[in-house]
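Close look at the chain arrangement
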Amino acid sequence: QVQLVESGGGLAQAGGSLRLSCAASGIIFSTHVMGWYRQAPGKQREFVAIITGGGITDYADSVKGRFTISRDNAKNTVYLQMNSLKPEDTAVYFCNARRNTGTKMYWGQGTQATVSS
């Protein structure tokens, strides 16, 4: 049974920080590409960041220089460190997993991050 569980969402002020975590089970974590996506009210879900099993990362232009994705394979956990938060970062953040040689994606249920001005 594949399960992705996000945590760490909450309230932050503009300019502040939040650290999101996603704990994975039911997969061989080190062989999966992990990612973060978000969906703001009234908007489509969008890509935020990705990290391969080998540590290669990529980010959406809107978060480059502010967000950092990382992973701890020993803990089967991927993180999203969000700094210099803006109100437009307010969204539900979803964790994603895909086998590095596959196409099927697994999704968590999401965690709400709210940034006030």
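Check the entry above for the structure.
Residues numbered from 1 in each chain as written. Predicted model: local features only at pLDDT ≥ 70, side-chain atom pairs only at ≥ 80, totals over all residues. Heavy atoms only, no water.

**Notes on the overall build of the protein chain**
Scanning the protein chain from N- to C-terminus turns up 0 helices and 11 strands. Secondary structure elements of the protein chain occur, N-terminal to C-terminal, as β-β-β-β-β-β-β-β-β-β-β. Whereas a compact globule of 117 residues would reach a radius of gyration of roughly 13 Å, the protein chain reaches 13 Å, a difference of no more than 12%. By its C-alpha atoms, the protein chain is 40 × 25 × 25 Å across when sized along the principal axes. Of the contacts formed within the protein chain by residues at least 6 apart in sequence, a portion of 54% connects residues at least 24 apart. Here the protein chain carries 12 positive and 7 negative side-chain charges, and the mean point of each set is 6 Å from the other. (Helix = DSSP H or I, 4+ residues; strand = E, 2+ residues; numbered from the N terminus. Rg over C-alpha atoms; globule rule 2.2 N^0.38 Å. Contact = heavy atoms within 4.5 Å. Lys, Arg positive; Asp, Glu negative; His and termini not counted. Charge placed at Lys NZ, Arg CZ, Asp CG, Glu CD.)

**What about the pairing of strand β1 (residues 3-7)?**
Here β1 shows one buried face, formed by L4 and E6, and one open face, formed by Q3, V5 and S7. In the sheet, β1 pairs with strand β3 (residues 18-25) via 5 bridges, with the strands oriented antiparallel. Bridge pairing in β3 links V5 to A23. (Buried < 20%, exposed > 50% of the residue type's maximum accessible area, 1.4 Å probe, protein only. Pairing = 2+ DSSP bridges.)

**Quick notes on the pattern of salt bridges**
Overall, the coordinates contain 4 salt bridges when judged by the stated rule. A salt bridge links R38 to D89, with the nearest nitrogen and oxygen atoms 3.0 Å apart. Of this pair, R38 sits in strand β4 (residues 32-39) while D89 sits in the loop between β8 (77-82) and β9 (91-99), placing them 51 residues apart in sequence. For R38, a relative accessible area of 6% puts it in the buried group. (Salt bridge = Lys/Arg side-chain N within 4 Å of Asp/Glu carboxyl O.)

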